[in-house]
Amino acid sequence: MAKSKSPQNQGFWKTLFSIFSTRQNKTDLDPSKRKKEPKSFAMEWAAASENWKKKLPTKQISSGVVTESKKFRLTKTNEKLFRIEGEDYSIILITDNHLYKNKDGKWTGVLFVDEGLLNQNLNKEIRNLDDFLDLQAIPRADLFLEADSPKEDWRIVLGWERFWQEQLLLQISPNSMALVMLAIGEECKEFFVKVATERQKRLVRDELFYFNLGNQNDSNPHSKTKNLYGFGNALKEFGNKINLIRERREKELEHGA
């Protein structure tokens, strides 16, 4: 006959189980201990957009004073041209190539060029701005997001056939796509939501979720290399992929004609 457990042993195991259950319940009830999960795409997008506004003050105004303190002042002239001033300095800052149309309708701005390549191409025919940009191998991606940007502006994709729009989204990583949408804004987000598959939406939603967690999460494979401040490289990747798909599309159209 099997021996029954003594009342003393039963009391010990009941107490141990009670302690374990109490600790487990406290962990479950403590929001800080719970593993955070992504919410809907719309909710993660809204939260990321708010974070974008808080963390990137240079993107919140088109021109004027960005920030000012007793020690320095940062002013913005246009999308990529700034001036920082202090007690003993006043410096122009250029964050990238920048072109825009002046009052006369001519393209003007600032371009970083390789001086050797510039000299090499001086004897070649330069009929227009596109010729010059091609000779200097300046990516059109550097010229995105201008109100009167060249024909390679990202919005050309809005006129593509659905197939080519889908090909573009297949070419760009979810992390970069999330940053591109935040950098460009609602119009790009609407394009993505319209064209993307459900799986692509989930992946980009997860990236927005990681951005919203900030440094609270170590499991994001991109967290150590990309964050909200990495939008510049994401835009360049996006522009390069657009040019890649544009060339493929144009070749297909030429052969099909």
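Residues numbered from 1 in each chain as written. Predicted model: local features only at pLDDT ≥ 70, side-chain atom pairs only at ≥ 80, totals over all residues. Heavy atoms only, no water.

Colleague: Break down the pairing of strand β4 (residues 89-94) for me, with residues and values.
Modeller: Two elements, strand β3 (residues 81-86) and β4, share 6 bridges in a ladder whose sense is antiparallel. Pairing of Arg 83 across the sheet is with Ile 92, part of β4. Here β3 folds back onto β4, and the loop between the two strands holds 2 residues. (Pairing = 2+ DSSP bridges. Helix = DSSP H or I, 4+ residues; strand = E, 2+ residues; numbered from the N terminus.)

Colleague: An account of the sheet that holds strand β2 (residues 72-78) is needed here, citing residue identities and associated values.
Modeller: Strand order in the open sheet formed by 4 strands is β1-β2-β3-β4, and the pairing between neighbours is antiparallel. The open sheet terminates on both sides in strands that have one partner only, identified here as β1 (64-68) and β4. Strand after strand, the sheet turns through a mean of 20° between neighbouring axes, direction not considered. (Axes fitted to C-alpha atoms, helices over the stretch in contact; angles between N-to-C directions.)

Colleague: How would you explain helix α5 (residues 162-171) if you had to name every residue and give the values?
Modeller: Within the sequence span of α5, burial applies to Trp 164, Gln 165, Leu 168 and Leu 169. An end-on view of α5 places all buried positions within 145° of arc, on one side of the element. (Buried < 20%, exposed > 50% of the residue type's maximum accessible area, 1.4 Å probe, protein only. Arc of directions from axis to C-beta.)

Colleague: Explain the confidence of the model for the protein to me, and be specific about the residues and the numbers.
Modeller: In the predicted model, the protein carries a mean pLDDT of 80, and 75% of its residues have values of at least 70. In this model, residues 145-152 is a region of pLDDT below 50 whose contacts with residues beyond four sequence positions or in other chains number 21 contacts. (pLDDT = per-residue confidence, 0-100. Contact = heavy atoms within 4.5 Å.)

Colleague: Just give me the short version of the side chain of Thr 75, but keep the residues and values in it.
Modeller: Structurally, Thr 75 is set in strand β2. Not counting chain neighbours up to four residues away, the residues in contact with Thr 75 comprise Gly 64, Val 65, Val 66, Phe 82 and Arg 83.

Colleague: Any details on the pairing of strand β5 (residues 98-101)? Residues and values, ideally.
Modeller: Two strands pair when backbone bridges link them, and β5 and strand β6 (residues 107-110) are joined in this way by 4 bridges, in the antiparallel orientation. Its bridge partner lying in β6, Tyr 100 is registered against Thr 108. In this antiparallel pair of consecutive strands, β5 and β6, the connection spans 5 residues, and Gly 105 shows a positive phi of 85°.

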